[in-house]
Amino acid sequence: MRRGWKMALSGGLRCCRRVLSWVPVLVIVLVVLWSYYAYVFELCLVTVLSPAEKVIYLIFYHAIFVFFTWTYWKSIFTLPQQPNQKFHLSCTDKERYENEERPEVQKQMLVDMAKKLPVYTRTGSGAVRFCDRCHLIKPDRCHHCSVCAVCVLKMDHHCPWVNNCIGFSNYKFFLQFLAYSVLYCLYIATTVFSYFIKYWRGELPSVRSKFHVLFLLFVACMFFVSLVILFGYHCWLVSRNKTTLEAFCTPVFTSGPEKNGFNLGFIKNIQQVFGDNKKFWLIPIGSSPGDGHSFPMRSMNESQNPLLANEEPWEDNEDDNRDYPEDSSSLAVETET
């Protein structure tokens, strides 16, 4: 009887957690809907008097708004991609692994299994990266998200503002969402500013629209500052071909820790996220190369092009050499098993 109550309570808590996880998304949606009303109706249709100015403002606004909402939708509803079946332990291997009580034998079993897979990263102790919740050998750059309760390919972080895990399948969409968010806020702020000054000087009548226009400028500037910082940080990550987790915890390869292990050079690093075809870079359509299970590494590129070996690596902060718990980040809501 007591066990049944515990199960019911646990199920209820999980349900509440799933519902509450949508609160940040609901907040963003409500702010965006209000900004649409305030800009289109209170500014363009009520405050702006010039018909030509109204048309120009509305055309450019809706063009940005479409891409802004499109990328946000893709960031939310593109499911995080999980490792395919060949990385999972078979029923026989799983039974052997769980029945084995000697840790050193378990470790050797994983080493033998990993030899058949394109896996080159290790834990801080040099062991094969294994998820005991999903029962799989983790591909390079794959991590287990405690919020989504799955292993996510090329996981960057879990973002509460999209209620989704950002990884290989949607990192491009997330970057585009940040870029169009910055553009959206900048456009609103620049077009509203002149009318803000007119209201401030009393050149326009103090009507209901005054509140919406003044508050619209304040909200746009506030979001613009925070989004520029976040977008700039992720641009830096892309230029180095790093994830948020890798920026805070240096990847360990079979040869040892290497902070620039996936750094292929500026252009190739961008192509690793957006693809080779530049016409898809601004459109939220999947174009990232590969399948998310394996990635080109700097060491392989150097063997093909010895000139790369002579390049001076960019300086990183000393924190890159600090030992962090695997898959932990102060900026990422993610827990490693």
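As the structure is a prediction and not an experimental result, all values here were calculated from the model. (Residues numbered from 1 in each chain as written. Predicted model: local features only at pLDDT ≥ 70, side-chain atom pairs only at ≥ 80, totals over all residues. Heavy atoms only, no water.)

> How should the UniProt feature "transmembrane region" (unreviewed entry) in the chain be read in this particular structure?
UniProt records the feature "transmembrane region" (unreviewed entry) at residues 20–39, 55–73, 177–199 and 211–233, using the numbering of this structure. Within the segment residues 55–73, helix and strand shares are 100% and 0% respectively, and the terminal C-alpha atoms sit 27 Å apart. (UniProt positions renumbered as here; feature names shortened; annotations may be inferred. Helix = DSSP H or I, 4+ residues; strand = E, 2+ residues; numbered from the N terminus.)

> Honestly, empty space enclosed by the protein in this entry has me stumped. Any pointers?
Vacant regions in the atomic arrangement are exposed by a probe of water-molecule size rolled over the atoms. Across all of its chains, the model carries three cavities of 30 Å³ or more by this definition. Size it by volume and the largest cavity reaches roughly 50 Å³. Elements that contribute at least two residues to the lining of the largest cavity include exactly helix H6 (171–201) and helix H9 (266–274). Of the residues that constitute the lining of the largest cavity, the class distribution is three nonpolar, three polar and two charged. (1 Å grid on protein atoms, 1.4 Å probe; cavity = no way out; pocket = protein on both sides within 12 Å on 5 of 7 lines; lining within 4 Å. Points joined across faces, edges and corners; volume = space filled by probe spheres on them. Nonpolar A, V, L, I, M, F, W, Y, C, P; charged D, E, K, R; others polar.)

> When you look at the nonpolar core in this model, what are you seeing that I'm missing?
If you look at the biggest cluster of nonpolar residues, it comprises 48 residues, and the most contacted ones within it are Tyr 39, Tyr 61, Tyr 171, Ile 188 and Val 192. Ranked by the residues each element gives to this core, the list is headed by H6, at 16 residues. Apart from the residues within four sequence positions on either side, Tyr 171 is in contact with Asp 156, Ile 166, His 234, Leu 237, Val 238 and Val 273. The next biggest cluster of nonpolar side chains, apart from the first, holds 12 residues, and it includes Leu 110, Met 113, Ala 114 and Ile 137. (Core = buried A, V, L, I, M, F, W, Y, C linked by side-chain atoms within 4.5 Å. Buried < 20%, exposed > 50% of the residue type's maximum accessible area, 1.4 Å probe, protein only. Contact = heavy atoms within 4.5 Å.)

> I tried to follow the packing of helix H3 (residues 51–77) against H6 on my own but got confused; where do I start?
Axis angle and axis distance: for two packed helices, these are the angle between their axes and the distance between the axes, and together they describe the pair. Where H3 contacts H6, the two axes come as close as 8 Å, and the packing angle between them is 155°. With respect to H6, the axis of H3 lies roughly antiparallel. You can see that H3 and H6 cross each other, and the crossing is left-handed. Looking at the contact of H3 with H6 residue by residue, the class counts come to 18 nonpolar, five polar and two charged. (Axes fitted to C-alpha atoms, helices over the stretch in contact; angles between N-to-C directions. Parallel < 35°, antiparallel > 145°, perpendicular 65-115°, else oblique. Left-handed = near helix turned anticlockwise from the far one by under 90°.)

> What is the right way to look at the packing of aromatic side chains in this model?
The description of two aromatic rings rests on the distance between their centres and on the angle between their planes. What the rule picks out here adds up to 26 aromatic pairs. Between the aromatic rings of Tyr 61 and Tyr 184, the centroid separation amounts to 5.6 Å while the plane-to-plane angle is 40°, which identifies the pairing as tilted. Of this pair, Tyr 61 sits in helix H3 while Tyr 184 sits in helix H6, and the two are 123 residues apart along the sequence. In this structure, Tyr 61 and Tyr 184 share a single accessibility class: buried. Their ring planes at 40° and their centres at 5.9 Å tell us that Phe 67 and Trp 70 sit as a pair that is tilted. You can see Phe 67 and its partner Trp 70 sitting in helix H3, three residues apart, about one turn around the helix. Take Phe 67: its relative accessible area is 28%, and that puts it in the partly exposed class. Residue classification places Trp 70 among the partly exposed positions, given a relative accessible area of 34%. Following the ring pairs from residue to residue traces out a cluster consisting of Tyr 36, Tyr 39, Tyr 61, Phe 65, Phe 68, Tyr 72, Phe 177, Tyr 184 and Tyr 187. (Phe/Tyr/Trp six-rings, centres within 6.5 Å; stacked < 30°, edge-to-face > 60°.)

> Just to check I follow, could you spell out the layout of surface pockets for this structure?
In this structure, the largest pocket spans a volume of roughly 640 Å³. Along its surface, the largest pocket is lined by 29 residues, and Trp 161, Phe 177, Leu 178, Leu 227 and Leu 230 are the ones closest to its centre. Put simply, the parts of the chain that give the lining of the largest pocket at least two residues each are helix H2 (23–47), strand E6 (157–159), H6 and helix H7 (208–240). With nine residues, H7 is the largest single contributor of residues to the lining of the largest pocket.

> What is the right way to look at H7 in this model?
Structurally, the α-helix is built with 3.6 residues per turn, so residues lying three or four positions apart point the same way. With 33 residues, H7 should cover 48 Å at 1.5 Å per step; its first-to-last C-alpha distance of 49 Å lies within 8% of that length. Count one or two residues on from H7 and you reach Asn 241, which has phi positive near 55°. (Expected span 1.5 Å × (residues − 1).)

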